[in-house]
Amino acid sequence: MAEAIPDLRGVPKHRAYSELKGHTEAILDGVSDEVTAMATMAALVHHAFGHLWTGFYRVVVPGQLLRVGPYQGSLGCIDIAFGQGVCGTSAAETRTVVVPDVEKFPGHITCDSRSKSEIVVPVLNKKGNLLAVFDIDSERLNAFDNEDQRGLEQLVSWFASTV
Ligand code: SME
C-alpha cells in the first residue's frame, strides 16, 4: 500500500479534518493496534498541516505518568507527570487544552523553544479510560482554535470506537 499524505495547509479546517478523518479510517481499516494507529495519525496530521511537533504521550502509570511516543518532529521530553505542563493538565482533567501563547501558560514544559502555541486532546479507549494525550505544537502564536479541537477530538474518537 502506498498512501500519500495530503497537503492540507490553506484548506479550510473543517474540510481538512474531514478529509484527514476519512484518510485515517481508510488506512486503519482492519487495524486494532493502538500504537500503529497513534503512529499513523501522528504522521498524517504532522505532514498534512506542517506542524512543529505532533504526537502522543501515553499513560504508563494511570493517574500518574505519561511517556512520549509515537511522534513526529524534534525531540520530545520523555516523561510528564499528570498535572504538569499542558499535557499533564489535559491528562489530569481529561479535557482538551488550547494554549494560544505557551509563555502565558503557567508550568508549560518547553521541549523545543520554537514552540509558540499548542493543543492537547485526551485520547480515551472503549471503556472510557485515558490511553494517551495527543499533543500538537506550532511555531505560530494562536495556531489552534475550536475547529482544531473539534477535528482532533473526532480524529482520536477512532480509539474509543476500536480499542
Ligand atoms: N509543551 C508540553 C510538553 C510536550 S512538548 O510540547 C512535545 C507541555 O507543556 O506539556
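All of these numbers come straight from a predicted model, not from anything done at the bench.

**Q** Which residues make up the overall build of the chain, and what values go with them?
**A** Scanning the chain from N- to C-terminus turns up 4 helices and 6 strands. From first element to last, N terminus to C terminus, the chain shows the α and β order α-α-β-β-β-α-β-β-β-α. Here the chain has a C-alpha radius of gyration of 15 Å; the compact-globule value for 163 residues is 15 Å, and the two agree. Taken along the three principal axes of its C-alpha coordinates, the chain extends 40 × 35 × 25 Å. Burial statistics for the chain: of 163 residues in total, 47% are counted as buried. Taking the intrachain contacts of the chain between residues at least 6 apart in sequence as the baseline, contacts between residues at least 24 apart amount to 53%. Total accessible area on the chain stands at roughly 8000 Å², and carbon and sulfur atoms take up 49% of it. Charge centroids of the chain, computed over 14 positive and 20 negative side chains, lie 2 Å from each other.

**Q** Please provide a residue-by-residue account of the nonpolar core, values included.
**A** In terms of nonpolar packing, the biggest core is built from 29 residues, with Phe56, Phe134 and Phe159 touching the most fellow members. Within the residue set of this core, elements represented by two or more residues are helix 1 (13-27), helix 2 (34-49), strand 5 (117-124), strand 6 (130-138) and helix 4 (146-162). When residues of this core are assigned to their parent elements, the largest contribution, 8 residues, is made by helix 2. Core analysis: the next-biggest nonpolar cluster, separate from the first, contains 17 residues, Phe82, Phe105, Val120 and Leu130 among them.

**Q** Which residues make up the state of the cysteines, and what are the values?
**A** Following the criterion strictly, the structure yields 1 disulfide and no others. Each sulfur of the disulfide joining Cys77 and Cys111 lies 2.1 Å from the other. Torsion about the S-S bond of the Cys77 and Cys111 cystine: about -125 degrees, corresponding to left-handed handedness. Note that Cys77 is positioned in the loop between strand 2 (65-73) and strand 3 (79-81) and Cys111 in the loop between strand 4 (97-99) and strand 5, a separation of 34 residues in sequence. Free cysteine Cys87: the closest other cysteine sulfur is in Cys111, separated by 7.5 Å. Judged by its relative accessible area of 3%, Cys87 is buried.

What counts and what doesn't
- Residues numbered from 1 in each chain as written.
- Predicted model: local features only at pLDDT ≥ 70, side-chain atom pairs only at ≥ 80, totals over all residues.
- Heavy atoms only, no water.
- Helix = DSSP H or I, 4+ residues; strand = E, 2+ residues; numbered from the N terminus.
- Rg over C-alpha atoms; globule rule 2.2 N^0.38 Å.
- Buried < 20%, exposed > 50% of the residue type's maximum accessible area, 1.4 Å probe, protein only.
- Contact = heavy atoms within 4.5 Å.
- Areas by Shrake-Rupley, 256 points an atom, 1.4 Å probe, with all protein chains shown as cover.
- Lys, Arg positive; Asp, Glu negative; His and termini not counted.
- Charge placed at Lys NZ, Arg CZ, Asp CG, Glu CD.
- Core = buried A, V, L, I, M, F, W, Y, C linked by side-chain atoms within 4.5 Å.
- Disulfide = S-S within 2.5 Å.

So, to be careful, I would describe these as geometric facts and stop short of saying anything about function.
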